[in-house]
Amino acid sequence: GQNIDQPTEMTATEGAIVQINCTYQTSGFNGLFWYQQHAGEAPTFLSYNVLDGLEEKGRFSSFLSRSKGYSYLLLKELQMKDSASYLCAVTSGGYQKVTFGTGTKLQVIP
Amino acid sequence: DVKVTQSSRYLVKRTGEKVFLECVQDMDHENMFWYRQDPGLGLRLIYFSYDVKMKEKGDIPEGYSVSREKKERFSLILESASTNQTSMYLCASSPETGALGEQYFGPGTRLTVT
């Protein structure tokens, strides 16, 4: 089976940097995704990692270590609109089967 | 822009009713997915389809079936709705090529079974 762990909630201050961790255990690992989901809305894609290392996309960066089963999402220069849930998801197998973590609810405070 | 639409935003059904949830995508994507999302449990995969008339069970297929007769449409069927199927249902699609597994989600259907 697959197991994905991420913190349930985090709080950070506007303008600061926050790191959201995700650990996973899976067989047939293909890649790891991060999605953002605002309350009452559908998830939207943020980033994707296949190889070890850091992928940077504006204020957001995502890191992957395949050997450690570990990823993190780094959000810089936090804005109030970044308050949302952040979902870590792992793909495995041959048919893009995706398993999501339960999500980390981030609250950005002034 | 990719657009995934779902037939209803809110739905209320009675126990034992047959329920159809429809999902349509307009980007010619190969893969389509049905999830349910519950507090504390996150998104859980019910079924997915990688081609017309093809389907694969996800992690929680019991009590559900699916149909994909056309590429753009993927239907989720609750044969006999039960109260434990009260949930938010999300449909998604993804292309075969490109960022492996990047999924585009519909707005969701909040189903209440009474």
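Our subject is the structure that appears above.
Residues numbered from 1 in each chain as written. Chains lettered and ligands numbered in written order. Predicted model: local features only at pLDDT ≥ 70, side-chain atom pairs only at ≥ 80, totals over all residues. Heavy atoms only, no water.

## Things to note about the interface of chain B and chain A
Part 1 of the argument: Taken together, the 26 residues of chain B in the interface contact 18 residues of chain A.
Part 2 of the argument: Both faces combined, the contact of chain B with chain A buries some 1800 Å², and carbon together with sulfur accounts for 59% of it.
Part 3 of the argument: Scanning the region where chain B abuts chain A turns up zero salt bridges.
Part 4 of the argument: Inspection of the chain B/chain A interface yields two residue pairs in polar contact (both at pLDDT 80 or more).
Part 5 of the argument: Looking at side-chain class alone, the side of chain B that touches chain A contains 13 nonpolar, eight polar and five charged residues. (Contact = heavy atoms within 4.5 Å. Buried area = accessible area lost by both parts, 1.4 Å probe. Salt bridge = Lys/Arg side-chain N within 4 Å of Asp/Glu carboxyl O. Polar contact = N/O pair within 3.5 Å; in protein donor to acceptor, adjacent residues only side chain to side chain. Nonpolar A, V, L, I, M, F, W, Y, C, P; charged D, E, K, R; others polar.)

## Re the state of the cysteines
Part 1 of the argument: Enumeration over the complete set of coordinates arrives at two disulfides over all chains.
Part 2 of the argument: Here A:Cys22 engages in a disulfide with A:Cys88; their sulfurs sit 2.0 Å apart. Here A:Cys22 and A:Cys88 share a disulfide; its torsion about the S-S bond, -70°, makes the bridge left-handed. Separated by 66 residues along the polypeptide, A:Cys22 in strand β3 (residues 18-25) and A:Cys88 in strand β9 (residues 84-92) bring together distant segments of the chain. An identical accessibility class is assigned to A:Cys22 and A:Cys88; each is buried.
Part 3 of the argument: Across a sulfur-sulfur distance of 1.8 Å, B:Cys23 and B:Cys91 are joined as a disulfide pair. Across the S-S bond of B:Cys23 and B:Cys91 the torsion is about -75°, and the bridge reads as left-handed. Highlighted residues: B:Cys23 in strand β3 (residues 19-25) and B:Cys91 in strand β9 (residues 87-94), separated in sequence by 68 residues. (Disulfide = S-S within 2.5 Å. Helix = DSSP H or I, 4+ residues; strand = E, 2+ residues; numbered from the N terminus. Buried < 20%, exposed > 50% of the residue type's maximum accessible area, 1.4 Å probe, protein only.)

## Thoughts on the pattern of salt bridges
Side chains that differ in charge, positive against negative, can pair when their charged atoms come close.
Residue and element names in this part refer to chain B.
Part 1 of the argument: For the structure shown, the criterion picks out nine salt bridges over all chains.
Part 2 of the argument: When the shortest N-O distance is used, the salt bridge between Asp28 and Lys71 registers 3.1 Å. Note that Asp28 is positioned in the loop between β3 and β4 (31-38) and Lys71 in the loop between β7 (64-70) and β8 (73-78), a separation of 43 residues in sequence.
Part 3 of the argument: Taking relative accessible area as the criterion, Asp28 reaches 55% and is therefore assigned exposed.
Part 4 of the argument: The partner of Glu69 in a salt bridge is Lys53, with the nearest N and O atoms 2.5 Å apart. Separated by 16 residues along the polypeptide, Glu69 in strand β7 and Lys53 in the loop between β5 (42-49) and β6 (56-57) bring together distant segments of the chain.
Part 5 of the argument: The exposed category is assigned to Glu69, whose relative accessible area is 52%.
Part 6 of the argument: Linked through salt bridges whose partners overlap, the residues forming this network are Asp28, Glu30 and Lys71.

## Here's the deal with the pairing of β3(A)
All names here are of chain A.
Part 1 of the argument: Judged by which residues are buried, β3 turns out to be one-sided: Val18, Ile20, Cys22 and Tyr24 face inward and are buried, whereas Gln19, Asn21, Thr23 and Gln25, on the alternate face, are not.
Part 2 of the argument: Where strand β1 (residues 3-5) and β3 come together, three bridges link them in antiparallel fashion. The residue bridging Ile4 from the neighbouring strand is Tyr24, located in β3.
Part 3 of the argument: Relative to strand β8 (residues 70-75), β3 runs antiparallel, the two being bridged by six bridges. Within β8, the position partnered with Cys22 by the bridge is Ser71. (Pairing = 2+ DSSP bridges.)

In short, the description is geometric, and any link to function would need to be established separately.
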